[in-house]
Structure formats: C-alpha cells, structure tokens
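For reference, the chains in residue letters:
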Amino acid sequence: MKSWANEINFSAGLGLALVILLAALALASTAQGPPSGKDANTKPGKTPAEQPVPFSHKLHLTFDMKCQECHLNPEPGDRMTLPAADKCMECHRTIVKDKPAIQKLAEFAKSKQTIPWVRVYVVSGWVFWNHRSHLEAGMKCEACHGEVGKMEVLTAATNVTSMAGCVDCHKKNEASTGCQYCHSGK
C-alpha cells in the first residue's frame, strides 16, 4: 500500500513541477517581449501598426545603403538594432530637412528619445535566436525579411518567426533541426 501511495505522490509532484515549469516559461516569454519598439503582427503579408515616422526601405536602398549601416548587431549578436534618430540625422541634417517626418526625427534626436519603431518581426522569448550566427553562415537578410528593397512599407514577407518557418529554412539549407539548437540557448 505504501509503494502505491508513494507512486501517486511522486506522479502528482512531477505533474505539478511540469505545470510550474510551463507557467514560468510562458511568463518569461511574455515578460521578455521585443527588445525595443512595440509588438508587431508578424504573419506574412501583414503590415504592422503605423510607424512613428514614415520610412521607405525602397527609397533608402536606392542610395546603395547596406542593411548593417542602420541595423547594427551589438554583442552578443542575437538582435539587429533598429536605427536611432541620431543615425538618421547623420544624413537628414541636410537632406530633406524641411519635411515634417524629418523634423519629427530631429525632435527625437534633440531630446535623445528612442524612436518607438514597431517591430515587424518578433521572435518568441522561449526561442534562442542569434542574427550573427546566421549572417556568419552566409545567410542574406532577404532570406528572412524578403525583398525589403522593393518595399515602400516594410511588411512581414516570410513566416521566419514561426517554428515551421525556421525548420523549413534549416532543412532547405541543410542546417540542424535538433530541438537544442533553438530551445536551449547553445
């Protein structure tokens, strides 16, 4: 009788521990949120809420700018940053400086305020993601973000932030699909 009671207590304890672990993971993922800016709708073809300043990748890339000029990849390399107003103002101190959108940028820069960009792609908090490892493996920005140079308004062009999107791409590029690569942080 005692061993049966012990098995029930062990099973109940194990079940409770599993529930607590899952709840902690869910809370951690919602607490982490995106590194900056607001949440976005990251389903392919969807446009996020209006950006605080209108921005055309199509226009800016006609000047032969590279993604990394505005989107830096600081240590530890997991995220690409969204541009700060000072970065934008490096060119816009003199270029179309009288446009209302540029004047708004100038105000953000002057007040040292972060531009509240709305992120188009947001990776869930329980997924280990590192931009740098993908760039070092030879992946191009367009593979995940679509043909940004043809977009007036950035929209989610792929399902890159879903598990199916990641697994499909890893298979296509003969990269590992083992759980530990995305879910353990190693």
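Figured I'd write up the structure that's included with this text. (Residues numbered from 1 in each chain as written. Predicted model: local features only at pLDDT ≥ 70, side-chain atom pairs only at ≥ 80, totals over all residues. Heavy atoms only, no water.)

1. Structural notes on the packing of aromatic side chains
Aromatic ring pairs are defined here through the distance separating the ring centres and the angle between the ring planes.
Right, on to step 1. If you walk through the whole model with that rule in mind, you get one aromatic pair.
Right, on to step 2. Here Phe55 and Trp117 contribute two aromatic rings whose centre-to-centre distance is 6.4 Å and whose plane-to-plane angle is 75°, an arrangement assigned as edge-to-face. In this pair, Phe55 sits in the loop between helix H1 (2-32) and helix H2 (57-61) while Trp117 sits in the loop between helix H5 (100-110) and helix H6 (131-136), placing the two residues 62 residues apart along the sequence.
Right, on to step 3. The exposure class of Trp117 is buried, given its relative accessible area of 8%. (Phe/Tyr/Trp six-rings, centres within 6.5 Å; stacked < 30°, edge-to-face > 60°. Helix = DSSP H or I, 4+ residues; strand = E, 2+ residues; numbered from the N terminus. Buried < 20%, exposed > 50% of the residue type's maximum accessible area, 1.4 Å probe, protein only.)

2. A few points about the nonpolar core
Right, on to step 1. Core analysis: the largest hydrophobic core is formed by 10 residues, namely Val53, Ala85, Cys88, Met89, Ile102, Leu105, Phe108, Ala109, Ile115 and Trp117.
Right, on to step 2. Within the residue set of this core, elements represented by two or more residues are helix H4 (85-92) and H5.
Right, on to step 3. Ranked by residues supplied to this core, first place goes to H5 with four residues.
Right, on to step 4. If you look at the next biggest cluster of nonpolar residues, it comprises five residues, including Val120, Tyr121, Cys144 and Ala156. (Core = buried A, V, L, I, M, F, W, Y, C linked by side-chain atoms within 4.5 Å.)

3. Quick word on H5
Right, on to step 1. Taken residue by residue, H5 has Ile102, Leu105, Phe108 and Ala109 as its buried positions. The buried residues of H5 occupy one face: seen down the axis, they fall within an arc of 110°. In H5, the exposed residues that point more than 90 degrees away from the buried face are Pro100 and Lys110.
Right, on to step 2. For H5, the secondary structure elements touched by its buried residues are H4.
Right, on to step 3. Positive backbone phi, at 60°, marks Lys112, one or two positions downstream of H5. (Arc of directions from axis to C-beta. Contact = heavy atoms within 4.5 Å.)

4. Overview of the pattern of salt bridges
Right, on to step 1. The final tally for this structure, using the stated rule, is four salt bridges.
Right, on to step 2. The closest approach of N and O atoms between Lys87 and Glu90, which form a salt bridge, is 3.3 Å. Of this pair, Lys87 and Glu90 both sit in helix H4, three residues apart, roughly one helical turn.
Right, on to step 3. Residue classification places Lys87 among the partly exposed residues on the basis of a relative accessible area of 32%.
Right, on to step 4. The exposure class assigned to Glu90 is exposed, which follows from its relative accessible area of 54%.
Right, on to step 5. Of the charged contacts, one joins Lys150 and Glu147 as a salt bridge, the two residues approaching to 3.0 Å between their closest N and O atoms.
Right, on to step 6. Here Lys150 falls in the exposed class, since its relative accessible area comes to 59%. (Salt bridge = Lys/Arg side-chain N within 4 Å of Asp/Glu carboxyl O.)

5. Comments concerning the environment of Pro76
Right, on to step 1. By the element assignment, Pro76 lies in the loop between helix H3 (67-70) and H4.
Right, on to step 2. For the pair formed by Pro76 and Arg132, sequence separation is 56 residues and the distance between their alpha carbons is 8.4 Å.
Right, on to step 3. If we skip the residues at most four places from it in the chain, Pro76 touches Asn130 and Arg132.

6. What about the environment of Ala49?
Right, on to step 1. Locating Ala49 in the fold gives a position in the loop between H1 and H2.
Right, on to step 2. The class of Ala49 is exposed, set by a relative accessible area of 52%.
Right, on to step 3. Placed 71 residues apart in sequence, Ala49 and Val120 show a C-alpha to C-alpha distance of 9.0 Å.

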